[in-house]
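# Observations on the three-dimensional arrangement
Chain residues, written in single-letter form:
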Amino acid sequence: MMGHDFRWPQSQAEIERIHRERKRLAVERALQSPFWQRRMPPLDLERVHEANVWRRIPVLTKEVLREIPPARFHDEFCIAPRTKAVEYWRSGGATGRPLFYPRSAEDMAHNIIVFERAFALVGATADDCAHVSFPLGVHPVAHLYARAAINLGIGTIWCGAGTNTPSETQLELIDQLKPTVWLGMASYGLHLANVAEVKGYDLARSTVKKLIVAAEPLSPVKREKLERAWGAQVYDHFGMTEAALVAGETIAHDGMRAFTDLWYLEVLDERGEPVAPGDVGSLVVTALWSNTMTPFLRWSSGDLVSLSPASGGKGPWSVFPVMRHARRTVGFFKVRGVNINHAELEDAMFRDPDVVDFRAEVYNAGGNDVLHLYVETRTGGAGSIAAMMRQTFQVAPEVTLLARGTLAREFEANVKAPRFVDKRG
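Quick summary incoming for the structure in this document. (Residues numbered from 1 in each chain as written. Predicted model: local features only at pLDDT ≥ 70, side-chain atom pairs only at ≥ 80, totals over all residues. Heavy atoms only, no water.)

Attention shifts here to the side chain of serine 33. Of note, serine 33 is situated in the loop between α1 (12–30) and α2 (34–39). In this structure the side chain of serine 33 is engaged in a polar contact, spanning 3.1 Å, whose partner is the backbone oxygen of glutamate 76. In contact with serine 33, other than residues within four places in its own chain, are Glu76, Phe77, Ile79 and Pro295. (Helix = DSSP H or I, 4+ residues; strand = E, 2+ residues; numbered from the N terminus. Polar contact = N/O pair within 3.5 Å; in protein donor to acceptor, adjacent residues only side chain to side chain. Contact = heavy atoms within 4.5 Å.)

Glancing now at the pairing of strand β3 (residues 129–132). In β3, alternate side chains face the same way, and those of Cys129 and His131 on one face and Ala130 and Val132 on the other are all buried. When β3 meets strand β4 (residues 155–158), the two strands line up parallel, connected through four bridges. Residue pairing for β4: histidine 131 is matched across the bridge by isoleucine 157. As for the winding sense of the linkage, the β-α-β connection from β3 through helix α7 (residues 141–151) to β4 is right-handed. Pairing of β3 with strand β5 (residues 181–184), which is carried by three bridges, proceeds in the parallel orientation. Within the sheet, the bridge partner assigned to valine 132 lies in β5 and is leucine 183. (Buried < 20%, exposed > 50% of the residue type's maximum accessible area, 1.4 Å probe, protein only. Pairing = 2+ DSSP bridges. Right-handed = clockwise from strand over helix to strand, strands pointing away.)

Counting 85 residues, the largest nonpolar core has Leu65, Phe119, Tyr145, Trp263 and Met323 as the members making the most contacts within it. It is helix α6 (residues 105–121) that contributes the most residues to this core, eight residues altogether. Excluding anything up to four places from it in sequence, methionine 323 contacts Phe238, Val246, Ala247, Gly255, Met256, Ala258, Leu265, Leu283, Val305, Ser306 and Leu307. The next biggest cluster of nonpolar side chains, apart from the first, holds 39 residues, and it includes Tyr188, Val362, Ile385 and Met389. (Core = buried A, V, L, I, M, F, W, Y, C linked by side-chain atoms within 4.5 Å.)

Quick look at the structure:
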């Protein structure tokens, strides 16, 4: 990895220069799109890098993109012919119908750099071996981590999630091939730990000492549960299909460093105005380099984050600001007038060391909302789960105990655990 070009910027002044030059180019490219030609207000391109001019560009949301018929998406939104597309990326679909975005070879040359940086952030070298458990498919994250690892000379095990390689087989590979870095969604890392526990395999005694997780919010409770089960350090990474990897936690565990030389990042309040540094707001992302095919300009990611000025430290990433991911702006149940955030419910359940896994469903019975928890526990009892829910959320749930392994079998058939289900229609 010595001598590899990660394109680290040398100073904040260099990042500001990139912003001045690339924001204008991003707008010029967007104006080649029929979608943006209709949507863009008159702008002075000489001054578009200035905040008051830049904020005249309307924020782009997935709901607006979904108004374009899928058959017309390329012609309406994209700015290069289909023959320039070298691969397609599938959006996560967490907030509705997924979309598919083409990427050009030039886009990919820029995008792969951030995934190479991801390994540098955690101190991985060619002496390491990476076990990749992100889902393999049209969604790109597994491919990109694996391809970046190969570029750096890191041994790579392409497993995918349980839908690609059964979890028991993955545990056998961890035991036999001795990877040092595991990569996947935190929920799947917990699932592998549950399978290992049932099988009597002690993951904490494996060779894996670093976990890179992404694709879903990571709470302190989930981090602690992962680190205890695996006996390894967890590093949180954050990205989206509309960009690529945007920020990653470093070996210093001092927050995620946001790659502001590749993405122009804004954190806005409900009025669309910038929040104060370090305050939480909605993240808006503009691709500064990988925009030769899909002009994502002021893209609202659906995440609440904070962005603080660079705090220094060691490493070439010390020039970057620190991002902290609060939560998604979507993902909650409203039960009898009470908002129950999915992440907060997950934390509340996993704080109980007896809880192995759970699924939450909401349905309507006789005109009343009912929250039903299906729970697997180590003791086979429900303990104080119902009382905890009443105290924490002021909602009395129904609780059904499941045999160990029930939810694991469901998980194997899905890319993401079907943990929250609203059956009210």
